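Descriptive analysis of the structure
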Amino acid sequence: GENVEQHPSTLSVQEGDSAVIKCTYSDSASNYFPWYKQELGKRPQLIIDIRSNVGEKKDQRIAVTLNKTAKHFSLHITETQPEDSAVYFCAASRGGGGYQKVTFGTGTKLQVIP
Amino acid sequence: GAVVSQHPSWVICKSGTSVKIECRSLDFQATTMFWYRQFPKQSLMLMATSNEGSKATYEQGVEKDKFLINHASLTLSTLTVTSAHPEDSSFYICSAPWQEDEQFFGPGTRLTVL
């Protein structure tokens, strides 16, 4: 089955700096890679996703890159703000209309220091 | 966007009792739903895939006789934790696919077994 590794487990940055979270996956058939933000006691919220036919995607301060050959994908948050503080999860799936299961990474606790 | 609800949001029960958790897709039909368990400071671990009209598919290591799943209709899946014990205390979250690969998560159910 799929195995998703995520680093670092914790990350502290000063407000305004950038944050980078990296993930690797094992299943070469995975082709959908979502990133979720989860606040304490709440549901995961999709913040950005990327499919295997795209190498990079950006949405305002958030960007994701994918290296399918190396099975690496990364989340980049620029100009961090205190409200970005949360736990972030990467994930991988074989896609297929959402009916394929999603495997989550181990999570990164991001703390943005004002 | 799509909405997924869960009920109850939290439950406290005595050891040995059974607890039922409902997951509903409120404005769309879901032939497939996923059930996750999340222990404190850990990632979401997929427990099983719930399929409308057929048996659920359980992940390795998940006891199907302990975690009963019933996908009664196109908008409702239920997870019953039978003979709950303190080690079953966790945050249980369901999700349903919506439009291509995106998953919509329920708000979660906090189970505490005394």
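Reading the values: rules and limits
- Residues numbered from 1 in each chain as written.
- Chains lettered and ligands numbered in written order.
- Predicted model: local features only at pLDDT ≥ 70, side-chain atom pairs only at ≥ 80, totals over all residues.
- Heavy atoms only, no water.
- Buried < 20%, exposed > 50% of the residue type's maximum accessible area, 1.4 Å probe, protein only.
- Helix = DSSP H or I, 4+ residues; strand = E, 2+ residues; numbered from the N terminus.
- Pairing = 2+ DSSP bridges.
- Disulfide = S-S within 2.5 Å.
- Axes fitted to C-alpha atoms, helices over the stretch in contact; angles between N-to-C directions.
- Contact = heavy atoms within 4.5 Å.

**Thoughts on the pairing of strand β4 (residues 32-38) of chain B**
All names here are of chain B. Extensive coverage of β4 is indicated by the burial of seven of its seven residues. Burial along β4 is two-sided: the residues T32, F34, Y36 and Q38 and M33, W35 and R37 are all buried. Both β4 and strand β5 (residues 45-51) contribute to a ladder of six bridges, which runs antiparallel. The residue of β5 that forms the bridge with M33 is S50.

**A word on the state of the cysteines**
Counted by the stated rule, this structure contains two disulfides over all chains. The side chain of C23 of chain A participates in a disulfide bridge whose partner is C90 of chain A; the two sulfur atoms lie 1.9 Å from each other. When the S-S torsion is -100 degrees, as for the bridge of C23 of chain A with C90 of chain A, the disulfide is left-handed. Of this pair, C23 of chain A sits in strand β3 (residues 19-25) while C90 of chain A is found in strand β9 (residues 86-93), placing the two residues 67 residues apart along the sequence. Here C23 of chain A and C90 of chain A have matching classes, each one buried. One disulfide in the model links C23 of chain B with C94 of chain B; its S-S distance is 2.0 Å. Looking down the S-S bond of the C23 of chain B and C94 of chain B bridge, the torsion is 80 degrees, so its handedness is right-handed. Here C94 of chain B lies in strand β9 (residues 90-97) and C23 of chain B lies in strand β3 (residues 19-25), a separation of 71 residues in the sequence.

**Thoughts on the pairing of β9 of chain B**
All names here are of chain B. Burial of β9 is extensive: eight of the eight residues sit out of reach of the surface. Residues S90, Y92, C94 and A96 of β9 are buried on one face, and the alternating residues F91, I93, S95 and P97, pointing to the opposite face, are buried as well. Examined bridge by bridge, β4 and β9 share five bridges and lie antiparallel to one another. In the sheet register, Q38 faces β9, and the bridge partner there is F91. Two elements, β9 and strand β11 (residues 109-113), share three bridges in a ladder whose sense is antiparallel. Paired with S90 across the bridge in β11 is L111. Relative to strand β10 (residues 103-105), β9 is paired through three bridges, and the arrangement is antiparallel. Counterpart to A96 in the pairing with β10 is F104. In this antiparallel pair of consecutive strands, β9 and β10, the connection spans five residues, and Q99 shows a positive phi of 55 degrees.

**Quick look at the sheet that holds strand β7 (residues 62-67) of chain A**
Strand pairing in a sheet is mediated by backbone hydrogen bonds. Such pairs are either parallel or antiparallel. Residues and elements named next belong to chain A. Strand order in the open sheet formed by five strands is β1-β3-β8-β7-β6, and the pairing between neighbours is antiparallel. A single partner strand is all that each edge strand has here, and the edge strands are β1 (4-7) and β6 (56-59). Strand-to-strand twist in this sheet, taken as the mean axis angle between neighbours without regard to direction, amounts to 15 degrees. Relative to strand β8 (residues 72-77), β3 runs antiparallel, the two sharing six bridges. Paired with V20 across the two strands is H76, which belongs to β8.

**Here we look at the environment of I47 of chain A**
Residue and element names in this part refer to chain A. Relative to the assigned elements, I47 resides in strand β5 (residues 45-51). Along the chain, I47 and Q60 lie 13 residues apart, while their C-alpha atoms are 11 Å from each other. In this structure I47 touches W35, Y36, K37, D59, I62, L75 and Y88, once residues within four positions along its chain are discounted.

No statement about biological role is implied by the geometric values presented.
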